[in-house]
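Examining the three-dimensional arrangement
Listed here are the chains, written in short residue letters.
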Amino acid sequence: MKKFTRILTSIAVLLGIGAFALPASAQYYELAQQLPSLISPALSGSGRYKGSVDAGYSKTLGKYNADFLEFSTSQGYQYNSWFYMGVGVGVDVLFAHQEDGWGQNWQPGSVFDYGHSSTKTAAMIPIFTDFRFTLGGNPQKVGFYIDLRVGCSFLASKDYIEIGDGYLTNQEYFYLRPSMGLRIPTNMQNPKQAFDIGVTYKLLTSNYWNSWSRNVTLNGLGVTLGYEW
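The text that follows walks through the structure, step by step, so that each part is easy to find. (Residues numbered from 1 in each chain as written. Predicted model: local features only at pLDDT ≥ 70, side-chain atom pairs only at ≥ 80, totals over all residues. Heavy atoms only, no water.)

Within the element layout of this structure, Thr186 appears in the loop between strand E9 (172–185) and strand E10 (194–208). Between the alpha carbons of Thr186 and Lys141 there is a distance of 9.6 Å; along the sequence they are 45 residues apart. For Thr186, the contacting residues outside a window of four places in its chain are Gln193, Ala194, Phe195 and Tyr227. (Helix = DSSP H or I, 4+ residues; strand = E, 2+ residues; numbered from the N terminus. Contact = heavy atoms within 4.5 Å.)

And the structure:
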């Protein structure tokens, strides 16, 4: 019971970080501190080590317009039959749909940064802590899962991405991605191996040039296909 309480407390702390929108750099520091303890099972060959890879697609909702083609991996520790915690990293290829009008109407002496241009395609790098709950109790049968990823994401470009009423810049973003779906075992002798099919919600939020009145918040829905072992 004490172990279960500690698990819930850890989740509550991370969700609290997201709720108060602390700087993503602080989240990155916390993730870096967790890495040695979370990947040690993999390095030692522990039977409770668990890894996964997945690919997905998501589209933003509301006034911003962008698509994401997503690839990621998560490595960590299976604490028991229903709870996993690890850390992960990914590459999200972003496709914007706005016309490239960056700087067309600027006048000499403008305060805008002439050192940057705009683009419609770029990559974002999410780094996250991963919590997964498996429902059903029997890993050898088809079951449901709930996954929660909390961390930060970085735009890997010096260009600005026009996404509607605002731009994405080369700064850090708070990253939240809950998902749920089906877990389908592929090996009865090794129930750790399974395909995952699910739906996702993704939140990216950050200040727009450090102006609280022009924050950028992206909300997106998507689908994902993964493999775990």
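Now that the structure has been shown, we can carry on.
What follows is about empty space enclosed by the protein. According to the stated counting rule, one finds five cavities of 30 Å³ or more in the structure shown. As a volume, the largest cavity reaches approximately 70 Å³. Contributing to the lining of the largest cavity are 13 residues, with Asp54, Arg132, Asp196, Thr224 and Gly226 lying nearest its centre. For the lining of the largest cavity, the secondary structure elements donating two or more residues are strand E1 (49–61), strand E6 (143–155), E9 and strand E11 (211–228). Here the element with the most residues in the lining of the largest cavity is E11; it accounts for four residues. Here the lining of the largest cavity is built from residues that sort into four nonpolar, four polar and five charged. (1 Å grid on protein atoms, 1.4 Å probe; cavity = no way out; pocket = protein on both sides within 12 Å on 5 of 7 lines; lining within 4 Å. Points joined across faces, edges and corners; volume = space filled by probe spheres on them. Nonpolar A, V, L, I, M, F, W, Y, C, P; charged D, E, K, R; others polar.)

Within strand E3 (residues 83–96), ten of the 14 residues are buried, which leaves it mostly tucked inside the rest of the structure. Across 13 bridges, the pairing between strand E2 (residues 66–78) and E3 is antiparallel. Bridging across to E3, Thr73 finds its partner in Val89. Once E2 ends, the chain turns through four residues before running back antiparallel as E3. Bridge analysis of E3 against strand E5 (residues 121–135) gives eleven bridges, and the strand direction is antiparallel. Within the sheet, the bridge partner assigned to Asp92 lies in E5 and is Met124. (Buried < 20%, exposed > 50% of the residue type's maximum accessible area, 1.4 Å probe, protein only. Pairing = 2+ DSSP bridges.)

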